[in-house]
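The lines below spell out each chain.
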Amino acid sequence: MSKKVVITGSPGAGKSSVGKILACRFGLKVTDLDALIESRIGKAVSDIIRVEGIDTFRDLETDALNEALNADYQVIVLGGGTLTIERNRRLVQTNAYSIRLNASFSELLRRVERDELEAGENGPIRPLLVKPEESIERCLTELLSKREAQYRHANLTVWTDYMSPEQVAALIVDHIKFLASTDNVEAEQSIMAIENEPQRVCSEIIVGNIEGLASKVCLKFGAHVKIALVIDQFVEQYWGASL
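Residues numbered from 1 in each chain as written. Predicted model: local features only at pLDDT ≥ 70, side-chain atom pairs only at ≥ 80, totals over all residues. Heavy atoms only, no water.

A. How the structure looks around the pairing of strand S5 (residues 156–159). The alternating pattern of S5 places Leu 156 and Val 158 on a buried face and Thr 157 and Trp 159 on a face that is not buried. Note: strand S4 (residues 96–102) against S5, four bridges, orientation parallel. Paired with Leu 101 across the strands is Val 158, a residue of S5. (Buried < 20%, exposed > 50% of the residue type's maximum accessible area, 1.4 Å probe, protein only. Helix = DSSP H or I, 4+ residues; strand = E, 2+ residues; numbered from the N terminus. Pairing = 2+ DSSP bridges.)

Below, the structure is given as structure tokens:
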């Protein structure tokens, strides 16, 4: 594929964990934008924001994004707020295919609170969410309400509530292969079946490959396509949680 893949999403969505797995397990050339900034400046992102301010950090972030898009990376993991800046959104929309990792609010909150608890005295690791006068829950609520519109610009959204980082990484690799393929017969046959025989899809194709098919339909018709699944109690037994 000609474009890079960028991974975006809110704090706690699993971006960094998935990025590391993509690099280690699947051998992709991956860079984490926050890690790139830290290696260049010699400070943790939390310290940069705390000492130099969020505006300075956003400038550094744009420089790092430009560098990453022009380097030999296949996947770029963005920071949670990278796309809140218009110039960054333009860069991504022009030069990359964007995948948003998302989860329910309760799951995002659980992950963020867990990370801060594990950080202990080395925290906060997300200074925008840890303020002495406000709870993490309230900070996260406000942050998501401000960023949701920007996250919706992503080409594809992957919900991670019931998936491990390894499963999410495997799904993204499947997307990359699909985007790079010029002769994906299986996907095209599945999509043609959806267009021509939706009942047959429900009884034969979706049950056989429910995880992969939904992602391929989104890739074909757009990130915000609505997919209706008709299932019975047997499908519910095996796939209900992931639906």
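B. Fine view of the packing of helix H1 (residues 15–24) against helix H8 (residues 165–180). Interhelical geometry of H1 versus H8 gives an angle of 60° and a closest axis separation of 9 Å. Relative to H8, the crossing made by H1 is right-handed. On H8, the residues touching Ser 17, Val 18, Ile 21 and Leu 22 of H1 are Pro 165, Glu 166, Val 168, Ala 169, Ile 172 and Val 173. (Axes fitted to C-alpha atoms, helices over the stretch in contact; angles between N-to-C directions. Left-handed = near helix turned anticlockwise from the far one by under 90°. Contact = heavy atoms within 4.5 Å.)

C. Quick peek at the confidence of the model for the protein chain. For the protein chain, the mean per-residue pLDDT works out to 78, and 73% of the residues sit at or above 70. Note on residues 185–209: pLDDT is under 50 here. Beyond four places in sequence and across chains, it has 31 contacts. (pLDDT = per-residue confidence, 0-100.)

D. Expanded view of the environment of Met 163. Mapped onto the elements, Met 163 comes out in the loop between S5 and H8. Each C-alpha atom of the pair Met 163 and Ala 103 lies 9.9 Å from the other, and the pair is 60 residues apart in sequence. Setting aside anything within four residues of it in sequence, one finds Met 163 in contact with Val 158, Val 168 and Leu 171.

E. Representation of empty space enclosed by the protein in the model. Counted under the stated rule, the structure contains one cavity of 30 Å³ or more. Within this model, the largest cavity holds a volume of roughly 40 Å³. Residue lining of the largest cavity: Leu 83, Arg 89, Val 92, Gln 93, Ser 98, His 153 and Ala 154, and that is the complete set. Here the lining of the largest cavity gets three residues from one element, more than from any other, and that element is helix H5 (residues 86–95). Residues belonging to the lining of the largest cavity are distributed by class as follows: three nonpolar, three polar and one charged. (1 Å grid on protein atoms, 1.4 Å probe; cavity = no way out; pocket = protein on both sides within 12 Å on 5 of 7 lines; lining within 4 Å. Points joined across faces, edges and corners; volume = space filled by probe spheres on them. Nonpolar A, V, L, I, M, F, W, Y, C, P; charged D, E, K, R; others polar.)

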